[in-house]
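# Close look at the chain arrangement
Listed below are the residues making up each chain.
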Amino acid sequence: MKPFNRRKMIQLGGMGLLTLGLGQRAEAGAFFWGKLFSVPPRDTPYITPNDKFYLVNYSDHSLESTQNIHLGQWRVSINGMVDHPLTLGYADFLGKQFIEKVVTLQCIDNLPGGDSISNALWGGLPLRKLLEEVKPFSDVKDVIFRGADGYHDSITFERAMEGDVLLAHSMNGVQLPRQHGFPLRAVVPGIYGIKNVKWLTNIELVGHDHQGYWQEKGWTDEGIMKITSRIDNPGHYQEIKEEKHTIEGIAFGGLHGISAVEITTDGERTWHPTTIQPPASDLSWVKWKYPWRIPKKGPHQLTVRAIDRKGNPQIPQVARAYPDGATGLHTIVALANI
Ligand SMILES: Nc1nc2c(c(=O)[nH]1)N[C@H]1C(S)=C(S)[C@@H](COP(=O)(O)O)O[C@H]1N2
Ligand SMILES: [Mo]
């Protein structure tokens, strides 16, 4: 896993927030410092193009060791506590059932406001179909995924049988790109990236609770995604010159989707509902927007929060990513120069 992306946090710890509400002198300071800190707005498309999709590997050797996978030789074995172990090649997968679904993936390292989250249309075989073929023993507990780079993680057999877990060989309508796990990867909706194993070579069914690469280092074995939301526009410290500005962003609630996103433009005194663009699937992030009428010149603190379809609110308390995913609300400063 790459080092934590501390960029956003450092910015928030800087002079920006301190200058809020300190009157004219501070305002001048905000414009001065703002130029140093400002980041451009993110123009986040609904579906992330493959070459913009975030990338995370546990080791630099992951890409090297998987660069030369040849379809002719590549095999995936499905074995362990099963009556009919199988070894399949690429053509076997192309010949099997193919379904496509838009699913948002997020790294467990992602901090509120971070970029290690993307959305794609994944295509492949429901894992459940394959598990039915191999005839699992009745006391199977975990399904282990192993990648050609030596990485491994597992999900429970129960989760694996739910039908929404994909063995994906296509991404946004094209063959799965090398860096995203060519020729085959697991896509496990609502569960952090750690369990979406790439470059699959083995799927083993076991009778115990398997500890994967990150679990051995203390990270969560469940990996259920937490509700998250992000402001993409304006960018932090972006200078806004018009009185009207549309605030935009994304929100994601894992398996439970998003029912509402709220924004505050006055330092959390009042919250306003935003308009949500309906998602293409129940496993996708949503895009939201809010037409903001800026009351006065100067720095404004913007914070976003979301609620999932079960009515659970996003957790506002700040927690780091270790061991089971970060919480906290994304806050930025917008500089109105109107
Ligand atoms: N084989 C393998 N699979 C892996 C990893 C890895 O290092 N090796 N990293 C995991 C992590 S931590 C994440 S967040 C996702 C990232 O998938 P992506 O690079 O396609 O976005 O892959 C997961 N699957
Ligand atoms: Mo990750």
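What you see is a predicted model; the values in this text were computed from it and never measured.

Definitions and limits used
Residues numbered from 1 in each chain as written. Chains lettered and ligands numbered in written order. Predicted model: local features only at pLDDT ≥ 70, side-chain atom pairs only at ≥ 80, totals over all residues. Heavy atoms only, no water. Helix = DSSP H or I, 4+ residues; strand = E, 2+ residues; numbered from the N terminus. Rg over C-alpha atoms; globule rule 2.2 N^0.38 Å. Contact = heavy atoms within 4.5 Å. Areas by Shrake-Rupley, 256 points an atom, 1.4 Å probe, with all protein chains shown as cover. Pairing = 2+ DSSP bridges. Buried < 20%, exposed > 50% of the residue type's maximum accessible area, 1.4 Å probe, protein only. Domains from an automatic or database assignment. Buried area = accessible area lost by both parts, 1.4 Å probe. Salt bridge = Lys/Arg side-chain N within 4 Å of Asp/Glu carboxyl O.

### Things to note about the overall build of the protein
Across its full length, the protein carries seven helices and 19 strands. For the protein, the C-alpha radius of gyration of 22 Å lies close to 20 Å, the compact-globule estimate for 338 residues. In the protein, of all internal contacts separated by at least 6 residues, the share reaching a separation of at least 24 is 74%. With the model as given, the accessible surface of the protein reaches about 15100 Å², and the carbon-plus-sulfur share is 53%.

### A closer look at the sheet that holds strand β12 (residues 239-240)
Judged by pairing direction, the sheet is mixed, and its five strands sit side by side in the order β12-β19-β18-β14-β15 without closing on themselves. Edge positions in the open sheet fall to β12 and β15 (272-273), since each of these has one partner strand only. Pairing analysis gives six bridges linking strand β18 (residues 298-308) to strand β19 (residues 331-336), with the strands arranged antiparallel. Looking at the pairing, histidine 300 lines up with alanine 334 of β19.

### Here's the deal with the pairing of strand β6 (residues 152-156)
For β6, the tally of buried residues reaches four of five residues, placing the bulk of the element in the interior. Here strand β5 (residues 142-147) runs beside β6; their pairing, made up of five bridges, is antiparallel. The residue bridging phenylalanine 145 from the neighbouring strand is aspartate 153, located in β6. What sits between β5 and β6 in their antiparallel hairpin is a turn of four residues, with glycine 150 showing a positive phi close to 95°.

### Side note on the domain arrangement of the protein
For the protein, the domain assignment lists domain 1 (6-37 + 226-336) and domain 2 (50-217). Using only C-alpha atoms to locate each centre, domain 1 and domain 2 end up separated by 33 Å. The partner domain 2 presents 22 residues to the 27 residues of domain 1 that form the contact. Across the domain 1/domain 2 interface, buried area totals approximately 1900 Å², and carbon plus sulfur atoms make up 61% of it. It is Arg230, Leu283 and Trp285 in domain 1 that bury the most area against domain 2; as a group they hold 27% of the surface buried on that side. Put simply, domain 1 and domain 2 have two salt bridges between them.

### A few points about the side chain of serine 62
Position of serine 62 among the secondary structure elements: in helix α4 (residues 61-66). Setting aside its immediate chain neighbours within four residues, serine 62 contacts Asn57, Asp149 and Trp199.

### Quick notes on the environment of asparagine 68
Structurally, asparagine 68 is set in the loop between α4 and β1 (75-80). In sequence terms asparagine 68 and arginine 178 are 110 residues apart; their C-alpha atoms lie 9.4 Å from each other.

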